[in-house]
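Residues per chain, in single letters:
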Amino acid sequence: MLLDLVFPRRCVVCGSDGAVLCSYCEQGLERLGNPLCERCGAPTAWPVERCRECAGRRIAFARARAAVAYDDSAKRLVGAWKERGQRTLAELAAELVDGVVPRPSAYTITFVAADHDRLLKRGHNPTHRLAAELGARWQLPVVPLLRRAPGRAAQKGLTLAERRRNVRGAFSPTAAVPKTVVLVDDVYTSGATVSAAATALRKGGARRVEVVTFARAVR
Ligand SMILES: [Zn+2]
Ligand SMILES: [Zn+2]
């Protein structure tokens, strides 16, 4: 593969030679298994329907699940995956998701639309890749259903309130949306982005949106 020549096989987390993610670092990723908050997927001491993080919040999705905690290792993995667009990393991320998150029952799988400028710069949309890999594993058709309004600031570095304001109304549906949809994103940070995207999917006709991300910030 051409990419292998450009990027020699080194672990994206620790830099050791061999695999894109060595088994040591792979095992070191913190899986987000039960118990979790039923709604937002935050790790909890025991199963709860709402947690400190999501109680009282208006959230447009029914539930959110992620494979691993967004710690330093996961950050490096996501960073490499986004910047290099390596297909192996998207496959790896999907494999981890599939190993941790039960297959949601839905008609279709879609993904958070990339900002147009970033898409041009990178030439690929990491979340589209992840959705495609998951769609293949879960046997769900992958359909682009969202459009993102141009010219918004990146979410990075904003407070929770700013994040919510920043993404409000940022998405719109591009087609009629099936009743149940899986919405894929790379990282769940505050939930503001996926909630805004889920709002658009519901406007388009979805009754239930289940969010699946590779990683999730854990407070
Ligand atoms: Zn490693
Ligand atoms: Zn919660």
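These numbers were taken from a predicted model, which means no experiment stands behind them.

Tell me about the coordination of the zinc ion (ligand 2), and name the residues and values.
Protein coordination at the zinc ion (ligand 2) comes from C37 (SG), C40 (SG), C51 (SG) and C54 (SG), with a distance range of 2.3 to 2.4 Å. Considering all 4 donor atoms around the zinc ion (ligand 2), angles at the metal cover 99 to 115 degrees and the coordination shape is tetrahedral. The sequence pattern describing where the donors of the zinc ion (ligand 2) fall on their chain is C-x2-C-x10-C-x2-C. Residue C40 is found in the loop between α2 (23-28) and β1 (63-69), and its partner C51 is found in the loop between α2 and β1; the two are separated by 11 residues along the sequence.

How would you explain the pattern of salt bridges if you had to name every residue and give the values?
The tally for this structure, following the rule as stated, stands at 10 salt bridges. Note that E26 and R31 form a salt bridge whose closest N and O atoms lie 2.6 Å from each other. When its relative accessible area of 34% is taken as the criterion, R31 is described as partly exposed. Between R65 and E38 there is a salt bridge, and its shortest N-O distance comes to 3.6 Å. One end of the pair, R65, is in strand β1; the other, E38, is in the loop between α2 and β1, and 27 residues separate them in sequence. On the basis of relative accessibility, which here comes to 36%, the residue E38 falls in the partly exposed class. Each of E38, R63 and R65 takes part in one network of salt bridges that share partners.

Please set out the coordination of the zinc ion (ligand 1) residue by residue, giving values where relevant.
By definition of the ideal shapes, a tetrahedral metal site with four donors has angles of 109.5 degrees and an octahedral site with six donors has angles of 90 or 180 degrees. Surrounding the zinc ion (ligand 1) are the protein donor atoms C11 (SG), C14 (SG), C22 (SG) and C25 (SG), at 2.3 to 2.4 Å. If you look at the zinc ion (ligand 1), its 4 donor atoms make angles of 102 to 116 degrees with each other, and the shape they trace is tetrahedral. For the zinc ion (ligand 1), the donor residues sit on a single chain with the sequence spacing C-x2-C-x7-C-x2-C. Among the residues examined, C22 registers a relative accessible area of 14% and is labelled buried.

Explain the sheet that holds strand β6 (residues 208-216) to me, and be specific about the residues and the numbers.
The parallel open sheet is built from 4 strands, whose spatial order is β1-β6-β5-β2. Edge positions in the sheet fall to β1 and β2 (108-111), since each of these pairs with one other strand and no more. Direction aside, the axes of adjacent strands within the sheet are offset by 25 degrees on average. Packed onto the sheet, helix α3 (residues 72-84) meets β1, β5 (180-188) and β6 and runs at close to 105 degrees relative to β5. Each of β2, β5 and β6 is contacted by helix α8 (residues 192-203), which is oriented at about 160 degrees to β5, the strand it contacts most.

Pulling in residues and values, what's your account of a positive patch on the surface?
A contiguous patch of positive charge, built from R58, R164, R165 and R168, is present on the exposed surface. Within the fold, R165 resides in helix α7 (residues 160-167). Residue R165 is classed as exposed on the basis of its relative accessible area, which comes to 55%.

Before we move on, could you go through the packing of helix α4 (residues 87-100) against helix α6 (residues 126-138) and cite the residues and values that matter?
For the pair α4 and α6, interaxial distance at closest approach is 9 Å and the crossing angle is 50 degrees. When the axis of α4 is compared with that of α6, the two are oblique. Relative to α6, the crossing made by α4 is right-handed. Across the interface between the two elements, R87, A90, E91, A93, A94, E95, V97 and D98 from α4 touch R129, L130, E133, L134, R137 and W138 from α6. Of the residues contributing to the contact of α4 with α6, the split by class is 7 nonpolar, no polar and 7 charged.

Residues and numbers for unusual backbone geometry, please.
Of note, the bond from N34 into P35 is cis; its omega dihedral lies within 30 degrees of zero at 0 degrees. With respect to the helices and strands, the residue P35 is situated in the loop between α2 and β1. The phi dihedral of Q139 falls on the positive side, at around 55 degrees, and the residue is not glycine. Locating Q139 in the fold gives a position in the loop between α6 and β3 (146-148). A relative accessible area of 69% places Q139 in the exposed class.

A description of the packing of aromatic side chains should follow, citing residues and the corresponding values.
Two aromatic rings are characterised by how far apart their centres lie and by the angle between their planes. Counted under the stated rule, the structure contains 2 aromatic pairs. With 6.2 Å between their ring centres and 80 degrees between their planes, F61 and Y188 make a pair best called edge-to-face. A residue pair is termed long-range when its members are at least 10 positions apart, and F61 in the loop between α2 and β1 and Y188 in strand β5 qualify at 127 residues. Each member of the pair, F61 as well as Y188, carries the same accessibility label: buried. Ring geometry for W81 and F214: centres 6.0 Å apart, planes at 90 degrees, overall edge-to-face. Of this pair, W81 sits in helix α3 while F214 sits in strand β6, placing them 133 residues apart in sequence. For the pair formed by W81 and F214, the shared burial category is buried. A cation over an aromatic ring shows up here: K75 above the ring of Y70, its NZ or CZ 5.4 Å from the ring centre.

Each value, and the rule that gives it
- Chains are numbered independently. Their residues run from 1 in the order of the written sequence.
- Chain letters and ligand numbers both follow the written order, the letters beginning at A and the numbers at 1.
- Per-residue local features of the predicted model are confined to residues with pLDDT of at least 70, and side-chain atom pairs are confined, for both listing and counting, to 80 or more; whole-chain, interface and lining totals are unaffected and use all residues.
- As a rule here, side-chain values come from all non-hydrogen atoms in the structure, and water together with hydrogens is ignored.
- In this description, a donor is an N, O or S atom within 2.8 Å of the metal centre, a cutoff extended to 3.2 Å for sodium, potassium and calcium. Water is not part of the atom list, which can make sites seem incomplete.
- In short, tetrahedral needs four donors with all angles between 85 and 135 degrees, square planar needs four and octahedral six donors with opposite donors over 155 degrees apart and all other angles between 65 and 115, and whatever is left is irregular.
- Helix and strand labels come from DSSP, where a helix needs a run of H or I of at least four residues and a strand needs a run of E of at least two; each type is numbered from the N terminus.
- Here, a salt bridge means any Lys or Arg side-chain nitrogen found within 4 Å of an Asp or Glu carboxyl oxygen.
- Between buried and exposed lies partly exposed: a residue is buried under 20% and exposed over 50% of the maximum accessible area for its type, with that area taken using a 1.4 Å probe on protein chains only.
- For two strands to be treated as a pair, DSSP must find at least two bridges joining them.
- Only C-alpha atoms enter the line fits that serve as axes; for helices the fit covers just the stretch in contact. Angles between N-to-C directions range over 0 to 180 degrees.
- The contact criterion used is simple: two residues touch if any of their non-hydrogen atoms lie within 4.5 Å.
- Only residues whose relative accessible area exceeds 30% and that form no salt bridge enter a patch; like-charged residues are grouped when within 9 Å of one another, and nonpolar side chains (Val, Leu, Ile, Met, Phe, Trp, Tyr) when within 5 Å.
- Accessible surface is estimated by sampling points in the Shrake-Rupley manner with a 1.4 Å probe; for residues, cover comes only from the protein chains shown.
- Counted charges follow a simple rule, with Lys and Arg positive, Asp and Glu negative, and His plus the chain ends left uncounted.
- Charge positions come from single atoms, namely NZ of Lys, CZ of Arg, CG of Asp or CD of Glu.
- Relative orientations are named as follows: roughly parallel for angles under 35 degrees, roughly antiparallel for angles over 145 degrees, roughly perpendicular for angles from 65 to 115 degrees, and oblique for any other angle.
- A crossing counts as left-handed when the near helix is turned anticlockwise from the far one by less than a right angle, and as right-handed when that turn is clockwise.
- When residues are sorted by character, Ala, Val, Leu, Ile, Met, Phe, Trp, Tyr, Cys and Pro go into the nonpolar class, Asp, Glu, Lys and Arg into the charged class, and all the rest, Gly among them, into the polar class.
- Working definition: a ring pair exists when centres of Phe, Tyr or Trp rings (six-membered ring for Trp) sit within 6.5 Å. Plane angles under 30 degrees give stacked, over 60 give edge-to-face, the rest tilted.
- Criterion for a charge above a ring: Lys NZ or Arg CZ within 6 Å of the ring centre, and within 35 degrees of the ring normal.

Everything listed here is a matter of geometry and, on its own, says nothing about what the molecule does.
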